[in-house]
Amino acid sequence: MEFLVNTQNLTTLSTGTLVLALSQDKPLSANVQSVDQASNGALSKILARGDFTGKAGQTLLLQDIAGIQAERLLLVGLGKDDELSDHAARKTIKAITAVLKGLAAKDATLALDALAIKQRNAYSITRLVADTLHHYLYRFDQFKSEKTPVPTLLKVQFHANTATQKDIDRALKQATAISKGVDLTRTLGDMPANICHPSYLAEQAEQLAKEYSALSVEVLDEKELKKLGANALLAVAQGSDQPPRLIIMKYQGAAASEQPYVLLGKGITFDTGGICLKPGPGMDEMKYDMCGAATVIGSMKAALELQLPINLIGVMTCAENMPSSNATRPGDIVTTMSGQTVEILNTDAEGRLVLCDALTYIERFKPKAVVDIATLTGACMVALGTQTSGLMGNDQNLIEQLLKAGNNADDRAWQLPLFDVYQEQLDSPFADMGNIGGRFGGTITAGCFLSRFAKAYPWAHLDVAGTAWTSGEKKGATGRPVPLLMQYLLDQTL
Ligand code: BES
Ligand code: MN
Ligand code: ZN
């Protein structure tokens with residue numbers, strides 16, 4: 001999908017579908033008035049008839065309106081809400097996308113001057129609209145014999161005036177770059193685990209490095225991981241025939257002397273729970289347990305597309321968690337790369353084990369800041385639901401920047417405390433720590449565990465167990481938190 005800015009006069013503009021947004025309680029916008037005048041009052045007549053009230057999400061498709069050049073005119077209701085929320089705006093864009101997808105038109109022009117989202121300017125509204133449009137055009141049907149029909153829509157123009165043109169253009173370029181990353185993240189997330197295993201993710205990274213010369217990739221295999229003493233990562237992988245991989249992607253967009261930002265993703269390509277086997281129902285969704293890693297590679301792609309003037313390192317720490325005669329047993333003790341010992345009391349708390357060695361490994365990069373992303377705890381869904389990611393860390397400034405980025409990208413996170421009183425829950429009688437912290441505060445004690453390996457740099461942890469994919473009828477990867485992370489990185493370049 002191509003997004004372009006257009007400043008032509010709405011009434012003389014040739015387009016497949018002209019989309020006009022109408023508010024329910026505000027006077028007709030300048031756009032609507034100009035179309036109404038050109039069509040000799042056709043719009044006011046329709047509105048007076050009462051079929052279209054401007055109710056939120058309401059759509060009315062009109063054909064061949066005299067006086068304008070557009071083939072079709074799509075009216076879209078914004079509702080009464082004076083204070084239009086992000087969520088309400090997204091629902092409206094979803095309704096628009098549903099109509100556009102079914103039309104034979106190759107292009108559409110959005111005239112959304114009435115879409116005034118609370119606390120957003122033209123730039124930020126455009127980002128949200130383009131992001132949402134793109135979101136609802138995603139398909140994953142490569143394993144279906146019968147493919148979803150490819151929409152004929154190829155181009156969406158965003159109508160602007162001379163005052164907003166520059167901002168809208170910039171927003172569209174950024175949204176396009178970010179959505180390429182989001183798409184990669186979603187596709188890898190939706191990929192079944194019999195295809196998407198650790199070596200497959202390594203191949204994806206190598207493929208990306210072929211496409212973009214600013215990216216270099218290094219893949220560490222079992223032998224190298226043993227040499228490094230990545231025994232926690234190896235302990236998770238040892239029950240599986242699929243070998244683990246630590247995948248390092250380096251993007252250089254600034255002077256080599258600049259400290260890099262590091263993104264680290266949990267890449268459990270399937271989480272059975274290991275010997276502490278998970279129950280059967282819904283276990284298929286544990287193919288999504290690599291969404292942290294998928295977020296990292298997607299963010300690398302977006303950064304490459306944006307040509308961000310920063311140095312960025314993406315690390316995916318990948319293994320498959322399986323039960324077998326070689327699998328780690330509850331009670332096994334490993335010495336992590338950091339030298340700290342861990343009693344693995346629950347083999348299903350494997351995410352923190354693959355992350356802890358990677359957190360130690362990345363010390364060598366002397367990071368400016370580290371953000372890890374992981375589908376780490378079911379408890380995070382209990383605490384925050386499926387709308388909001390959990391956020392913890394050792395640097396309040398970093399956390400606040402991430403919270404702000406999440407608000408701006410409408411990809412929100414919420415901070416949970418890492419008070420040191422929680423640390424005691426990890427005590428083990430036999431090792432430096434256990435890998436579980438008991439029944440209460442599961443997301444926090446997981447964060448506490450990670451914090452013990454992240455002392456060398458400013459660090460934040462995003463628990464995306466609830467947000468990385470949706471369950472049920474519309475099951476699928478969301479691409480979150482790529483938008484949050486890209487907003488954070490964009491903010492660093494201002
Ligand atoms: N990948 C899971 C967390 C998860 C579960 C994410 C369900 C999304 C949906 C993780 O590896 C896990 O199994 N965590 C355990 C930790 C527990 C054993 C301390 C959990 O949340 O039950
Ligand atoms: Mn698990
Ligand atoms: Zn897991």
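Right above here is the structure, for reference.
Summary of the structure given here. On a predicted model such as this, the values are computed, not experimentally measured, just so you know.

1. What about helix 3 (residues 86-101)?
With 16 residues, helix 3 should cover 22 Å at 1.5 Å per step; its first-to-last C-alpha distance of 22 Å lies within 8% of that length. Residues of helix 3 that are buried include every one of D86, A89, R90, T92, I93, A95, I96, T97, V99 and L100, and no others. In the core, the buried residues of helix 3 are packed alongside strand 2 (17-22), strand 3 (59-63), strand 4 (72-77), strand 5 (107-111), helix 4 (122-136) and helix 12 (396-408).

2. Here we look at the packing of helix 1 (residues 30-38) against helix 2 (residues 42-49)
Two elements in contact, helix 1 and helix 2, have axes whose closest approach is 6 Å; the angle formed by their N-to-C orientations is 105°. Regarding the angle of helix 1 to helix 2, the classification is roughly perpendicular. Mapping the contact onto sequence places V32, V35 and D36 in helix 1 and A42, L43 and S44 in helix 2. Split by residue class, the contact of helix 1 with helix 2 holds 4 nonpolar, 1 polar and 1 charged.

3. A few points about a negative patch on the surface
A cluster of acidic residues, D25, D81, D82 and E83, forms a negative patch at the surface. Looking at the secondary structure, you find D81 in the loop between strand 4 and helix 3. Owing to a relative accessible area of 43%, D81 belongs among the partly exposed residues under this scheme.

4. Section: the coordination of the manganese ion (ligand 2)
Six octahedrally arranged donors around a metal ideally form angles of 90 or 180 degrees; four tetrahedrally arranged donors ideally form angles of 109.5 degrees. Surrounding the manganese ion (ligand 2) are the protein donor atoms D271 (OD), D348 (O), D348 (OD) and E350 (OE), at 2.1 to 2.2 Å. Between the 6 donor atoms coordinating the manganese ion (ligand 2), the angles at the centre fall across 71 to 169°, so the site counts as irregular. Of note, the manganese ion (ligand 2) draws all its donor residues from one chain, in the sequence arrangement D-x76-D-x1-E. Of the residues examined, D271 reaches a relative accessible area of 2% and is grouped as buried.

5. Digging into the site of ligand 1
Taken together, 17 residues surround ligand 1, and among them K278, D289, D348, E350 and G378 come closest. Between ligand 1 and K278, the relevant distance is 2.8 Å, taken from an oxygen atom to a side-chain nitrogen or oxygen of the residue. E350 has a polar side-chain atom sitting 2.8 Å from an oxygen atom of ligand 1. Notes on ligand 1: free accessible area 510 Å², of which the protein chains cover 77%. Elements that contribute at least two residues to the shell around ligand 1 include exactly strand 9 (261-271) and helix 11 (378-384). By residue class, the composition of the shell around ligand 1 is 6 nonpolar, 4 polar and 7 charged.

6. Overview of the sheet that holds strand 3
Pairing is mixed across the open sheet formed by 6 strands, whose spatial order is 1-6-5-2-4-3. Two strands bound the open sheet, and with one partner strand each, they are strand 1 (2-6) and strand 3. The sheet shows a mean angle of 20° between the axes of neighbouring strands, taken without regard to direction. Pairing of strand 2 with strand 5 involves 4 bridges; the strand directions are parallel. Bridge pairing in strand 5 links T17 to A108. Against the sheet, helix 3 touches strand 2, strand 3, strand 4 and strand 5, its axis set at about 155° to strand 4.

Conventions used here
Residues numbered from 1 in each chain as written. Chains lettered and ligands numbered in written order. Predicted model: local features only at pLDDT ≥ 70, side-chain atom pairs only at ≥ 80, totals over all residues. Heavy atoms only, no water. Helix = DSSP H or I, 4+ residues; strand = E, 2+ residues; numbered from the N terminus. Expected span 1.5 Å × (residues − 1). Buried < 20%, exposed > 50% of the residue type's maximum accessible area, 1.4 Å probe, protein only. Contact = heavy atoms within 4.5 Å. Axes fitted to C-alpha atoms, helices over the stretch in contact; angles between N-to-C directions. Parallel < 35°, antiparallel > 145°, perpendicular 65-115°, else oblique. Nonpolar A, V, L, I, M, F, W, Y, C, P; charged D, E, K, R; others polar. Patch = residues over 30% accessible without salt bridge, like charges linked within 9 Å, V, L, I, M, F, W, Y side chains within 5 Å. Areas by Shrake-Rupley, 256 points an atom, 1.4 Å probe, with all protein chains shown as cover. Salt bridge = Lys/Arg side-chain N within 4 Å of Asp/Glu carboxyl O. Lys, Arg positive; Asp, Glu negative; His and termini not counted. Charge placed at Lys NZ, Arg CZ, Asp CG, Glu CD. Donors = N, O, S within 2.8 Å, 3.2 Å for Na, K, Ca; no water. Tetrahedral: all angles 85-135°; square planar, octahedral: opposite > 155°, others 65-115°. Near = heavy atom within 4 Å. Polar contact = N/O pair within 3.5 Å; in protein donor to acceptor, adjacent residues only side chain to side chain. Pairing = 2+ DSSP bridges.

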